[in-house]
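# Summary of the model geometry
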Amino acid sequence: MLCAPTCHVSPNDAFLDELRKLGWIEGTTIVIERKDPEYRLDRLPELAAELVRSKPNLIAAFTPPAVRAAKNATSEIPIVMLFVADPVGLGLAASLAHPGGNLTGVSTLVPGGFNAKALDLLRELLPQAKRVAVFINPANEIHRLTFPEMPPAAAKLGFQLDVIEMRETTEMPGAFAEAKARGAEALNIFGDPIFSYPPNRAPDLAAQAGLPSLSLMSSFAQAGGLMSYGPDFPALARLGARYVDRILKGAKPAELPIQQPTKFLLVINLKTAKSLGLEIPASLLARADDLIE
């Protein structure tokens, strides 16, 4: 099992729990060898090579960097990918219906319009706001792939975007200060390990800056961020475990279509809204999947 840093959050537990439910009990019916780069993504190719040398029956790889490292390391060992937003756009699979090769699994995004939806939510929350700061990691392939849809959506909604790039967690305090100095009235924080772990780092900095914030993972809102909007990651992890089960029982990865999420969760932290002096519109409250009080 090859993990990038988001393996430290609850979806990993959901993945292992689903394997247990399917009869794959660690130490009894299955042996799991874990490889964690400990936040050094440059180590992923080396770790993937180590896994391949150990000749496992299957590699489960979490997040695009880990999946790419596994795919580059072997064309024979089956790979189940999780938490990859657009595997076709990233060149990891030929198509969703017929991925080809030795890789299949679960994507986390339906390409086209997802980031525009995030801006729609901010507009609904802040009908008078003019300026939104967007945090991205230019080293993240998905950010490079999906960000171009944002400027047209922002223009349509009357937002001016300030794009602030970060490659390291140490840059985050300065990024929040920069957003505040530029006059941002809200933050849209793309999903990335450097923003999401530890879960309270970005929410705490947003609170200190007094800025409404939205990010991808529900852990962001649970840790004090104002809103999160994204797929149900634990549910997708359970689905990924079912791919592992099917392949270990003889299915071929090339013959298993890649599945996309069908449900996206809106989580709103009402305590954070109160601290910011914001009243959440009834329309958003009605659509929220979870309200944190």
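Residues numbered from 1 in each chain as written. Predicted model: local features only at pLDDT ≥ 70, side-chain atom pairs only at ≥ 80, totals over all residues. Heavy atoms only, no water.

## Re the domain arrangement of the protein
Applicable threshold: Residue ranges labeled as domains rest on an automatic or database domain assignment. Every residue pair with non-hydrogen atoms within 4.5 Å of one another is taken to be in contact. When two components associate, each loses some accessible surface as probed by a 1.4 Å sphere; the sum of these losses over both components is called the buried area. Any Lys or Arg side-chain nitrogen found within 4 Å of a carboxyl oxygen on Asp or Glu counts as a salt bridge. What qualifies as a polar contact is a pair of N or O atoms within 3.5 Å, subject to a donor-acceptor requirement within protein and to the restriction that residues adjacent in sequence count only when both atoms come from side chains. Strands are runs of DSSP state E lasting at least 2 residues, helices are runs of H or I lasting at least 4, and numbering of each runs from the N terminus.
For the protein, the domain assignment lists domain 1 (10–109 + 232–262) and domain 2 (114–231 + 265–291). Spacing between the C-alpha centres of domain 1 and domain 2 amounts to 29 Å. Contact with domain 1, which involves 13 residues of that partner, is made by eleven residues of domain 2. Between domain 1 and domain 2, the buried area comes to about 1100 Å², and carbon and sulfur atoms account for 76% of it. In this structure, Glu141 and Arg68 form a salt bridge, with 2.8 Å as the shortest nitrogen-oxygen distance. Counting the contacts that link domain 1 with domain 2 gives two residue pairs in polar contact (both at pLDDT 80 or more). Secondary-structure elements contributing two or more residues to the side of domain 1 that touches domain 2 are helix 3 (64–73) and helix 11 (233–248).

## What to know about the side chain of Ser215
Counted only if it meets this: When accessible area is computed with a 1.4 Å probe and restricted to protein chains, residues below 20% of their type maximum are described as buried, those above 50% as exposed, and intermediate ones as partly exposed.
As for its position among the elements, Ser215 is in strand 8 (residues 213–215). With a relative accessible area of 9%, Ser215 lands in the buried category. Ignoring sequence-local partners within four residues, the contact set of Ser215 consists of Ile189, Phe190, Phe220, Met227, Ser228 and Tyr229.

## Some points on the packing of aromatic side chains
Using the following cut-off: Pairing of aromatic side chains requires ring centres within 6.5 Å, counting the rings of Phe and Tyr and the six-membered ring of Trp. Pairs whose planes differ by under 30 degrees are stacked, by over 60 edge-to-face, and all others tilted.
Going through the model one piece at a time under the given rule, you end up with eight aromatic pairs. Ring centres 5.6 Å apart and planes at 70° place the aromatic pair Phe62 and Phe83 in the edge-to-face group. Of this pair, Phe62 sits in strand 2 (residues 59–62) while Phe83 sits in strand 3 (residues 79–84), and the two are 21 residues apart along the sequence. A relative accessible area of 10% places Phe83 in the buried class. Ring centres 6.4 Å apart and planes at 50° place the aromatic pair Phe147 and Phe190 in the tilted group. Separated by 43 residues along the polypeptide, Phe147 in the loop between helix 5 (141–146) and helix 6 (150–157) and Phe190 in the loop between strand 7 (186–189) and helix 8 (193–196) bring together distant segments of the chain.

## Section: the sheet that holds strand 7
Heads up, the rule is: In this scheme, strands are said to pair when DSSP sees at least two bridges between them. Inter-axis angles, ranging from 0 to 180 degrees, are taken between N-to-C directions of lines fitted to C-alpha atoms, where helices are fitted over the stretch in contact.
Taking strand neighbours across the sheet as the criterion, the seven strands line up as 6-5-7-8-9-10-11 in an open arrangement whose pairing is mixed. Each having just a single partner strand, strand 6 (160–165) and strand 11 (290–292) make up the two edges of the open sheet. Taken pair by pair, the neighbouring strands of this sheet meet at an average axis angle of 20°, ignoring direction. As paired elements, strand 5 (residues 131–136) and strand 6 share six bridges and run parallel to each other.

## Topic: helix 6
Each turn of an α-helix holds 3.6 residues, which means side chains three or four residues apart point in the same direction. How we decide: Along the arc lie the directions from the helix axis toward the C-beta atoms.
Of all the residues in helix 6, the buried ones are Met150, Ala153 and Ala154. Looking down the long axis of helix 6, one finds its buried residues gathered within 100° of arc, a one-sided arrangement. In this structure, helix 6 carries Pro152, Ala155 and Lys156 as exposed residues pointing more than 90 degrees from its buried face. Positive phi appears at Gly158, one or two residues downstream of helix 6, with a value of about 80°.

## Section: the environment of Leu41
Looking at the secondary structure, you find Leu41 in the loop between helix 1 (10–21) and helix 2 (44–53). Of the residues examined, Leu41 reaches a relative accessible area of 38% and is grouped as partly exposed. Along the primary structure Leu41 and Pro65 are separated by 24 residues, whereas in three dimensions their C-alpha atoms are 7.2 Å apart.

## Considering the packing of helix 4 (residues 114–125) against helix 6
The line we're drawing: Should an angle fall under 35 degrees it is called roughly parallel, over 145 degrees roughly antiparallel, and 65 to 115 degrees roughly perpendicular, with every other angle called oblique. Throughout, a crossing is termed right-handed when the near helix is turned clockwise from the far one, and left-handed when it is turned anticlockwise from it by less than a right angle. Residue classes follow a fixed rule: Ala, Val, Leu, Ile, Met, Phe, Trp, Tyr, Cys and Pro count as nonpolar, while Asp, Glu, Lys and Arg count as charged, and any other residue, Gly among them, counts as polar.
One can describe the packing of helix 4 onto helix 6 by two numbers: an axis separation of 9 Å at closest approach and a directional angle of 25°. Regarding the angle of helix 4 to helix 6, the classification is roughly parallel. By crossing handedness, the relation of helix 4 to helix 6 is classed as right-handed. Across the interface between the two elements, Asn115, Ala116, Leu119, Asp120 and Arg123 from helix 4 touch Met150, Ala153, Ala154 and Leu157 from helix 6. For the contact of helix 4 with helix 6, a count of residues per class yields six nonpolar, one polar and two charged.

## Topic: the nonpolar core
Quick reminder of the rule: Put simply, buried Ala, Val, Leu, Ile, Met, Phe, Trp, Tyr and Cys residues joined by side-chain atoms within 4.5 Å make one nonpolar core.
Leu119 and Met227 are the most contacted members of the largest nonpolar core, which totals 51 residues. In terms of residue count, the dominant contributor to this core is helix 4 (seven residues). Looking at which domains feed residues into this core, each of domain 1 (10–109 + 232–262) and domain 2 (114–231 + 265–291) supplies at least three. Contact partners of Leu119, with chain neighbours within four places excluded, come to Val132, Met150, Ala153, Ala154, Leu157, Phe159, Leu161 and Asn188. Judged by nonpolar contacts, the second largest core, of 24 residues, contains Leu236, Ala241, Ile247 and Leu256.

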